[in-house]
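Observations on chain architecture
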Amino acid sequence: MQLLETIRDFLASRKNSKPGQLWAELPEEKKQEILSALEESEDESTLITREDFLKREK
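Every chain is numbered independently, its residues counted from 1 as its sequence is written. Local features are withheld for residues below a pLDDT of 70 in this predicted model, meaning they are given only at 70 or higher, and side-chain atom pairs are given and counted only at 80 or more; totals for whole chains, interfaces and linings count all residues. Only hydrogens and water are removed before side-chain values are computed, so all heavy atoms of the structure are retained for them.

Further remarks concern the overall build of the protein chain. To qualify as a helix, a DSSP run of H or I must reach at least 4 residues; to qualify as a strand, a run of E must reach at least 2; elements of each kind are numbered from the N terminus. Within the protein chain one finds 4 helices and 0 strands. Here the globule rule reads 2.2 Å times residues to the power 0.38, and the radius of gyration is calculated from C-alpha atoms. Taken over the C-alpha trace, the protein chain has a radius of gyration of 16 Å; the compact-globule value for 58 residues is 10 Å, which it surpasses by more than 25%. For the C-alpha atoms alone, the extent of the protein chain along its principal axes is close to 40 × 30 × 15 Å. Within the protein chain, the fraction of its 58 residues that count as buried is 3%. Separation between the mean location of the 10 positive side-chain charges and that of the 14 negative ones in the protein chain comes to 8 Å. We call a residue buried when its accessible area falls under 20% of the maximum for its residue type, exposed when it is over 50%, and partly exposed in between, using a 1.4 Å probe and counting protein chains only. Note on charges: Lys and Arg go in the positive column, Asp and Glu in the negative column, and His and the chain ends are not counted at all. Charge placement uses NZ in Lys and CZ in Arg. For Asp and Glu, CG and CD serve respectively.

With that settled, the discussion passes to the confidence of the model for the protein chain. Low-pLDDT portions of the prediction should not be read for the details of their coordinates. Per-residue confidence for the protein chain gives a mean pLDDT of 87; residues scoring 70 or more make up 97%. Scored from 0 to 100, pLDDT records how confident the predictor is in each individual residue. For the protein chain, per-element mean pLDDT is lowest for helix H1 (residues 2-15), which scores 85, and highest for helix H3 (residues 28-41), which scores 93.

Okay, here's the thing in structure tokens:
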């Protein structure tokens, strides 16, 4: 239930904000983490299957 409320709140804040506002408000460190994760996700050699991911989480 908490996850759904968090998602709802996030979507509501997006609806009421100007384009780019959320990004502009992020600290530089968080922006770099996001950009790094995006770059890593585009490299197929770093991807794992869903099954392997789920095995690691146990």
